[in-house]
Amino acid sequence: MRGLTIENLSMRFDLPDGGSVQALKDVSLTLQQGELLSVLGPSGCGKTTLLNIVAGFLAPTEGQIVLNGHPVTGPDAERGMVFQQGALFEWMDVRSNVSFGPRMAGKKEAEWAQTVDHLLDVVGLRDFKEKAVYELSGGMQQRVALARCLANDPDVILMDEPLGALDALTREKMQSLVLKLWKETGKTIILITHSVEEALLLGERLLVMAPRPGRIHTEYRLPFADLGVGQDLREVKKHLDFASKREEILSMIWDMEEEIMGRTEEA
Amino acid sequence: MIVFAIYALIFITSFVVVKTLARKAMTDYTALKTVTFGDESAVRPNRIASVISVLTIFLLWGAFTGSKLVPSMLHAPGPFMGDASFNYTAEAEGVAPDDATVTVRVFEVGTDVQPPEIAPGSGWAKNDVDTVGAWRSGLIRVDKNDEYGRDVGHTVTAVNGQPIAPGGEVMTEFGRVGMSPKGTLNFEPAKGWQMEPIWLPPPEAVVARLVEIANEGYRDSTLWEHLGWSLFRVIVGFFFGALVGIPLGYAMGLSDWFRGWFDPIVEFMRPVPPLALIPLVIIWAGIGELGKIILLFLAALWIMAIAARAGVSGVAISKVHAAYSLGASKWQIMRHVIVPNSLPEIFTGARVAMGVCWGTVVAAELVAAEKGAGMMIMVASKFQLTDIVIMGIILIGLIGFGIDILMRLAEKALVPWKGRI
Ligand SMILES: Nc1ncnc2c1ncn2[C@@H]1O[C@H](COP(=O)(O)OP(=O)(O)OP(=O)(O)O)[C@@H](O)[C@H]1O
Ligand SMILES: [Mg+2]
């Protein structure tokens, strides 16, 4: 079976003072190959923890991840990761960053040159391939990170607030780019974001998580990602449905936040 | 004291003068910043100040050593030289007090000198002559040639008409005349404000020494051999220190066992100044090359180990995670992520280690060596050859500075991303 299954995932962090944090409790989810999932939730609800477990950086205390029929035990090239920022290699130029995966796999330049150069074209960095990454703007750096991930041709792409550090305009362009790449490549994508709009625009499926313990609160299936492919995202946002969904989710998250605040005040 | 006063004066005057003259000249971005006090990045060294600072040091050095490079109108008052004279009044039993003149020829130490010729004069107290070197003092037995000597109670009661007693003194225009407890006069010519060459030789004497030693060598070795040996020791010691220290630091950054095992050793050895190891190294390895290289090895080892360890712990975890999910193996992560990422730290460590090694080698050579910059100045100091000592110190400083500049250039070329992440 092609796809990603998250089975009864629980994660408890034991703290040095003897207490523990239940970061995730009984999270189950199945993603078909090529699905785009966006994850929303108040701060501290376990989004990063979930992603780290799927990426294989953390072993869950209970449950397991199954990708294409085999369980996940550690990081692997089949699951690529795009971080918020600072994960590029400053000692390599743009092209070496993008070709890192294929090079580590022992491929010769002839084998990867075409893909890498094509990806640099797609993300609009053709003229910057010889540049050092610290000479690029934040948005350009995220495009390099995206291209680097794609050059490795993973089955699943995991993104933890990949656009969080960008300004609104650049962010919108990058959102279109993500949609375009998603449709063109047919990758399974999990994208964590703090922006409800972004989650609505990019999420074919949208997961709202609740904190303490971190769990799935509500799941949506949305039409906007498909609408947004090849279209101006501002048009999508004008959709009546879009506005009402946004209000619904916003108030949901607000309620959770208030509940947290109330609970801490009692404590 | 007077030197510091002059120094402060030059500092303030040049500040005022340069600031008023150069105010309008600057128009670049930093010059347009209105908040400079407290904005460290807006404080760039004022190059004019640097130049004046260096010139001032040489000027003061020259002025207070009577250097020929400094116009003589700027010289601090020198020591008195030439013929000094003063009167004394002597008494003896059974005769009236009598006066006589003492003429002292003050000469530059190291030159030949003849006592001045003088008529004996009238009365029973006769005129005296003597010679005293500049900056020195001399006892003058004025009673020796007088007709009534100490056997009949010859005592000096006044100098230049001012009464004097044993332990007392009289200041004359040529210097101080003192009287010993036994009643003998002691003449100390005026010293002026200049330094005596054996304390501080003028710059040209140091340069002359440099030329001489560069041509003829010192203690059976050329100058280049002395400096070369010091440098050689530093480079070999540092090389081995880095060769062992960097892998050790990596191991400590990557393995809990290595970290636990070596942490106590490294943390203990780090605060021990390498100089404190000299005696032990001498006992174990002798004073030869091996001992020195071991010492420098130890000096560099801990610094490099700590730098490499810091370099590994400084890797952003997201970089390592990214590399893993791009399919890199442990070894590839080491080679392509951890090592390059730690280079800035390692370079910082290397600069520190080189500085410490250079200081340590000089100190070790002061203790014992047959060749080397430190040995050169140590031996010279035993013979009061201050010019060689100063020359050596200047060369040591220049080489240390040169090493640091080279390291910085290498750093710029090899880790251009440093500080830009
Ligand atoms: N290494 C850890 N040790 C202990 N507790 C941890 C650790 N990592 C995460 N946690 C806890 O697990 C919970 C979930 O953290 P996580 O980082 O997954 O939240 P998040 O949803 O990504 O938050 P944000 O939106 O702020 O990034 C938090 O309460 C956090 O304190
Ligand atoms: Mg997070």
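The rules behind these values
Residues numbered from 1 in each chain as written. Chains lettered and ligands numbered in written order. Predicted model: local features only at pLDDT ≥ 70, side-chain atom pairs only at ≥ 80, totals over all residues. Heavy atoms only, no water. Helix = DSSP H or I, 4+ residues; strand = E, 2+ residues; numbered from the N terminus. Expected span 1.5 Å × (residues − 1). Buried < 20%, exposed > 50% of the residue type's maximum accessible area, 1.4 Å probe, protein only. Pairing = 2+ DSSP bridges. Right-handed = clockwise from strand over helix to strand, strands pointing away. Core = buried A, V, L, I, M, F, W, Y, C linked by side-chain atoms within 4.5 Å. Contact = heavy atoms within 4.5 Å. Buried area = accessible area lost by both parts, 1.4 Å probe. Salt bridge = Lys/Arg side-chain N within 4 Å of Asp/Glu carboxyl O. Polar contact = N/O pair within 3.5 Å; in protein donor to acceptor, adjacent residues only side chain to side chain. Nonpolar A, V, L, I, M, F, W, Y, C, P; charged D, E, K, R; others polar. Near = heavy atom within 4 Å. Patch = residues over 30% accessible without salt bridge, like charges linked within 9 Å, V, L, I, M, F, W, Y side chains within 5 Å. Areas by Shrake-Rupley, 256 points an atom, 1.4 Å probe, with all protein chains shown as cover. UniProt positions renumbered as here; feature names shortened; annotations may be inferred. Domains from an automatic or database assignment. Axes fitted to C-alpha atoms, helices over the stretch in contact; angles between N-to-C directions. Parallel < 35°, antiparallel > 145°, perpendicular 65-115°, else oblique. Phe/Tyr/Trp six-rings, centres within 6.5 Å; stacked < 30°, edge-to-face > 60°.

Engineer: Would you explain helix H6 (residues 168-185) of chain A in this entry?
Structural biologist: Residue and element names in this part refer to chain A. With 18 residues, H6 extends 25 Å between its outermost C-alpha atoms, agreeing within 8% with the 26 Å of an ideal straight helix rising 1.5 Å per residue. Those residues of H6 not exposed but buried are Arg171, Glu172, Met174, Gln175, Leu177, Val178, Leu179, Leu181 and Trp182. Trailing H6 by a residue or two, Gly186 shows a phi angle of about 65°, which is positive.

Engineer: Mind showing me how you'd approach the pairing of strand E8 (residues 188-192) of chain A here?
Structural biologist: Looking down a regular strand, the side chains alternate between one sheet face and the other. Residues and elements named next belong to chain A. Taken across its five residues, E8 has five buried, putting it largely inside the fold. Residues of E8 alternate between two faces, with Thr188, Ile190 and Ile192 on one and Ile189 and Leu191 on the opposite face, all of them buried. Looking at chain direction, strand E3 (residues 36-40) and E8 are connected through four bridges and run parallel. Paired with Leu37 across the bridge in E8 is Ile190. When strand E7 (residues 156-160) meets E8, the two strands line up parallel, connected through five bridges. Opposite Met159, over in E8, you have Leu191 as the bridge partner. Handedness of the crossover is the feature at issue here: the chain leaves E7, passes through H6, returns alongside E8, and the resulting connection is right-handed.

Engineer: Help me out: how do you make sense of the environment of Thr115(A) in this one?
Structural biologist: Structurally, the position occupied by Thr115(A) is in helix H4 (residues 109-122). Considering only alpha carbons, one finds Thr115(A) and Ser99(A), 16 residues apart in sequence, at a separation of 8.9 Å.

Engineer: Just checking my understanding: could you explain the nonpolar core for this structure?
Structural biologist: If you look at the biggest cluster of nonpolar residues, it comprises 59 residues, and the most contacted ones within it are Phe100(A), Phe238(B), Met304(B), Val337(B) and Met391(B). Put simply, the parts of the chain that give this core at least two residues each are helix H3 (100-104) of chain A together with helix H4 (203-216), helix H5 (223-254), helix H8 (289-313), helix H9 (317-325), helix H10 (330-367), helix H11 (373-382) and helix H12 (386-414) of chain B. Among residues more than four places away in sequence, those in contact with Met304(B) are Phe238(B), Gly241(B), Ala242(B), Gly245(B), Ile246(B), Ile346(B), Gly349(B), Ala350(B) and Ala353(B). Membership of the second largest hydrophobic core comes to 55 residues, among which are Val98(A), Leu166(A), Phe242(A) and Ile253(A).

Engineer: Would you take a moment to explain the interface of chain B and chain A for this structure?
Structural biologist: Taken together, the contacts link 20 residues of chain B with 24 residues of chain A. The junction of chain B with chain A conceals about 1900 Å² of combined surface from both sides, 69% of it contributed by carbon and sulfur atoms. Looking only at chain B, the three residues that lose the most surface to chain A are Lys319(B), Ser325(B) and Leu326(B), adding up to 33% of its buried area. Across the chain B-chain A interface, the total number found is one salt bridge. With a shortest N-O distance of 3.3 Å, Lys319(B) and Glu90(A) are connected by a salt bridge. In this structure, the connection of chain B to chain A is made through five residue pairs in polar contact (both at pLDDT 80 or more). Mapped onto the side of chain B that touches chain A, the elements with two or more residues apiece are H9 and H10 of chain B. By residue number, the principal contributor to the side of chain B that touches chain A is H9(B), which donates seven residues. Looking at the side of chain B that touches chain A residue by residue, the classes come out as eleven nonpolar, seven polar and two charged.

Engineer: Quick question: what am I supposed to make of the side chain of Ser230(B) here?
Structural biologist: Residue and element names in this part refer to chain B. Tracing the backbone through its elements, the reader meets Ser230 in helix H5. Within the local environment of Ser230, its side chain forms a polar contact with the side chain of Glu365, the two groups lying 2.8 Å apart. Residues within four places of Ser230 in sequence aside, it is in contact with Trp358, Val361, Glu365, Gly372 and Ala373.

Engineer: Got a minute to help me understand the site of ligand 1 in this structure?
Structural biologist: All names here are of chain A. Taken together, 13 residues lie near ligand 1, and Ser43, Lys47, Thr48, Thr49 and His194 sit nearest. Here an oxygen atom of ligand 1 sits 2.8 Å away from a polar atom, N or O, in the main chain of Gly44. The side chain of His194 places a nitrogen or oxygen atom 2.8 Å from an oxygen atom of ligand 1. Only strand E2 (20-32) and helix H1 (47-55) provide two or more residues apiece to the shell around ligand 1. When grouped by side-chain class, the residues that make up the shell around ligand 1 number five nonpolar, six polar and two charged.

Engineer: I'm lost on a nonpolar patch on the surface in this one. Help?
Structural biologist: Where nonpolar side chains cluster on the molecular surface, the patch consists of Tyr7(B), Val54(B), Ile57(B) and Phe58(B) and spans about 350 Å² of accessible area. Top element by residues in the nonpolar patch is helix H3 (residues 47-63) of chain B. It accounts for three residues.

Engineer: It is not clear to me how the UniProt feature "transmembrane region" (unreviewed entry) in chain B should be interpreted in this structure. Could you clarify?
Structural biologist: Residues and elements named next belong to chain B. The residues that UniProt annotates with the feature "transmembrane region" (unreviewed entry) are residues 231-251, 271-287, 294-317 and 388-410. With 71% helix and 0% strand, the stretch residues 271-287 has end C-alpha atoms that lie 24 Å from each other. Segment residues 388-410 splits into 100% helix and 0% strand. End C-alpha atoms: 32 Å apart.

Engineer: Hey, could you run me through the pairing of strand E6 (residues 79-82) of chain A in this one?
Structural biologist: Residues and elements named next belong to chain A. Alternating positions in E6 separate into two faces, Arg79 and Met81 on one and Gly80 and Val82 on the other, with burial throughout. Note that E6 and E7 share four bridges and pair parallel. Directly across from Val82, in E7, lies its bridge partner Met159.

Engineer: Sorry, what's going on with the domain arrangement of chain B here?
Structural biologist: How big an interface is tends to be stated in terms of the accessible area lost upon association of its parts. Taken as a whole, chain B is organised into domain 1 (2-74), domain 2 (82-189) and domain 3 (204-414). On a C-alpha basis, the centroid separation for the pair domain 1 of chain B and domain 2 of chain B is 49 Å.

Engineer: Would you take a moment to explain the packing of helix H5 (residues 138-151) of chain A against H6(A) for this structure?
Structural biologist: Helices that pack against each other are described as a pair by the angle of their axes relative to one another and the distance between those axes. Residues and elements named next belong to chain A. Relative orientation of the contacting elements H5 and H6 amounts to 10°, with a least axis distance of 11 Å. Between H5 and H6, the crossing angle belongs to the class labelled roughly parallel. Judged by residue contacts, Gly139, Gln142, Arg143, Leu146 and Leu150 of H5 engage Thr170, Met174, Leu177, Val178, Leu181 and Thr185 from H6. Taken together, the residues of the contact of H5 with H6 break down into six nonpolar, four polar and one charged.

Engineer: Honestly, the packing of aromatic side chains in this entry has me stumped. Any pointers?
Structural biologist: How two aromatic rings sit relative to each other is set out by the distance from centre to centre and by the angle between their planes. By the definition in use, this model includes eleven aromatic pairs over all chains. Considering the side-chain rings of Phe89(A) and Trp91(A), the 5.8 Å spacing of their centres and the 25° angle between planes classify their relative orientation as stacked. Grouping residues by exposure puts Phe89(A) and Trp91(A) together as buried. With a centroid separation of 5.5 Å and an interplanar angle of 85°, the aromatic rings of Trp124(B) and Tyr148(B) are classed as edge-to-face. Here Trp124(B) is found in the loop between strand E2 (98-107) and strand E3 (128-133), whereas its partner Tyr148(B) is found in the loop between strand E4 (138-140) and strand E5 (155-159), with 24 residues between them in sequence.

Engineer: Explanation requested: the side chain of Asn52(A) in the structure shown.
Structural biologist: Take Asn52(A): it is sitting in helix H1. Excluding residues within four positions of it along the chain, Asn52(A) makes contact with Phe57(A), Leu58(A) and Met81(A).

Engineer: Can you help me understand the UniProt feature "domain: ABC transmembrane type-1" (unreviewed entry) in chain B in this one?
Structural biologist: The feature "domain: ABC transmembrane type-1" (unreviewed entry), as given by UniProt, occupies residues 227-407 of chain B in the numbering adopted here. Helix makes up 87% of residues 227-407 of chain B and strand 0%, and the two end C-alpha atoms of the span are 19 Å apart.

Engineer: Looking at this structure, how should I read the domain arrangement of chain A?
Structural biologist: All names here are of chain A. For chain A, the assigned domains are domain 1 (3-78 + 165-266) and domain 2 (87-153). Taking the mean C-alpha position of each, domain 1 and domain 2 sit 26 Å from one another. Tallying the contact residues gives ten residues for domain 1 and ten residues for domain 2. Summing the contributions of domain 1 and of domain 2, the shared interface buries around 820 Å²; its carbon and sulfur component is 76%. The salt bridge partner of Lys187 is Asp153, with a shortest N-O separation of 2.3 Å.

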